[in-house]
Amino acid sequence: MKAERVTRMSAEDRRELVLQAGTRAFAHGGYHGTSTDAVAREAGVSQPYVVRIFGTKLDLFLEVFERAVGRIKAAFEDVLEERSFDPDSEDDKARMGLAYTELLRDHDFLQVMMHGFSNGDVPEIAGAARRCMGDVFATIQRTGWDDEKVRDFVAYGMLLNVMISMRAPEHLEPGDPLTTLATCAFGDGLEVLQSPA
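Residue indices follow the written sequence of each chain, beginning from 1 at its first position. Restriction of local features to residues with pLDDT of at least 70 applies here, the model being predicted, together with a cutoff of 80 or more for giving and counting side-chain atom pairs; totals for whole chains, interfaces and linings are based on all residues. Hydrogen atoms and water are omitted, and side-chain values are computed over all heavy atoms in the structure.

K.L.:
How should I be thinking about helix H8 (residues 147-165) in this particular structure?
P.N.:
Think of an α-helix as 3.6 residues a turn; residues three or four steps apart then line up on the same face. Between the first and last C-alpha of H8 there are 27 Å, a value that for 19 residues agrees with the 27 Å anticipated at 1.5 Å per step. Residues of H8 that are buried: Val 150, Phe 153, Val 154, Gly 157, Leu 160, Asn 161, Met 163 and Ile 164. Each helix is a run of DSSP H or I of at least 4 residues and each strand a run of E of at least 2, with the numbering of both proceeding from the N terminus. A positive phi of about 60 degrees marks Arg 167, the residue just after H8. For a helix, the expected span equals 1.5 Å multiplied by the number of residues minus one. Burial classification: accessible surface area is computed with a 1.4 Å probe over protein chains only, and a residue below 20% of its type maximum counts as buried, one above 50% as exposed, and the rest as partly exposed.

In structure tokens form, the structure reads like this:
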């Protein structure tokens, strides 16, 4: 019988493992309801190991949160770099919207983001949320839209966040006003959200 070759994970791979576990744990329990022990269990590592890599629960949450919001910025940058963007084009506006809708299929990402935006009682998280929101706004400004149009796009995205957070697309009932709102809010993106990831 051959002995199986054991491959060791690199420090970067282990860090990534804990960040992914942190995303899942914080998505379900929020900042206040999640311990480093819960993250360690989710990752299959020891709690002291999590602390050794990240320091405090706050440091870990901030990294998980900023990484989540960074995905939004990166998705919008990809749209802007893919080809030229016409601020008057409805098709280009739709490309930006679809890039965001694709991200919303990841419920853990979304919930982490929502927990971060709603933790204004923790000054470090509130500061990170303000900075991240400003970064996303600045990225969308690169479309050439005026500030009001950028604001409306961000506000629309926040409506979608709330709708996904409450799992509205999974509970559409004919005649229900929430169904009408979800259909109006998501448009063609509703099919994207309801298709397998």
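K.L.:
Would you mind showing me how to read the packing of helix H2 (residues 36-43) against helix H3 (residues 47-54) here?
P.N.:
Packed helices, taken two at a time, are described by the angle between their axes plus the distance between the axes. Angles here are taken between N-to-C directions and fall from 0 to 180 degrees, while the axes themselves are lines fitted to C-alpha atoms, restricted in helices to the stretch in contact. Running from amino to carboxyl end, H2 crosses H3 at an angle of 105 degrees, the nearest separation of the two axes being 8 Å. By the angle between their directions, the pair H2 and H3 is classed as roughly perpendicular. Here H2 contributes Thr 36, Asp 37, Val 39 and Ala 40 to the contact with H3, which in turn contributes Gln 47, Val 50 and Val 51. Each residue is assigned to one of three groups, with Ala, Val, Leu, Ile, Met, Phe, Trp, Tyr, Cys and Pro labelled nonpolar, Asp, Glu, Lys and Arg labelled charged, and all others, Gly among them, labelled polar. Residues that form the contact of H2 with H3 fall into these classes: four nonpolar, two polar and one charged. Here the word oblique covers every angle except those under 35 degrees (roughly parallel), over 145 (roughly antiparallel) and from 65 to 115 (roughly perpendicular). Only heavy atoms matter for contacts: two residues are in contact if any of them lie within 4.5 Å across the pair.

K.L.:
Just to check I follow, could you spell out the environment of Val 18 for this structure?
P.N.:
Its location among the elements puts Val 18 in helix H1 (residues 11-29). Distance in space between the C-alpha atoms of Val 18 and Asp 108 is 14 Å, their sequence separation being 90 residues. Excluding its chain neighbours within four sequence positions, the residues that come into contact with Val 18 are Val 39, Ala 43, Val 45, Tyr 49, Val 50, Ile 53, Phe 54 and Leu 60.

K.L.:
What is the right way to read the nonpolar core from this model?
P.N.:
Generally speaking, a soluble globular protein has its nonpolar side chains buried in company with each other. Throughout, nonpolar core names a set of buried Ala, Val, Leu, Ile, Met, Phe, Trp, Tyr and Cys residues whose side chains join them through atoms within 4.5 Å. Core analysis: the biggest nonpolar cluster contains 57 residues, and Leu 60, Phe 65, Ile 140 and Phe 186 have the highest contact counts within it. The element contributing the most residues to this core is helix H4 (residues 57-82), with 13 residues.

K.L.:
Looking at this model, I keep getting lost on a nonpolar patch on the surface. Mind explaining?
P.N.:
Taken together, the side chains of Tyr 156, Leu 159 and Leu 181 define a hydrophobic patch exposed on the protein surface, amounting to about 240 Å² of accessible area. As for its placement among the helices and strands, Leu 181 is situated in helix H9 (residues 177-186). By relative accessible area, which is 37% here, Leu 181 ends up partly exposed. A patch consists of residues whose relative accessible area exceeds 30% and which take part in no salt bridge; residues with like charges are grouped when within 9 Å of each other, and nonpolar side chains (Val, Leu, Ile, Met, Phe, Trp, Tyr) when within 5 Å. Reported accessibility uses the Shrake-Rupley method at a 1.4 Å probe radius. Residues are deemed covered only where the shown protein chains occlude them. Salt bridges are counted wherever a side-chain nitrogen of Lys or Arg sits within 4 Å of a carboxyl oxygen of Asp or Glu.

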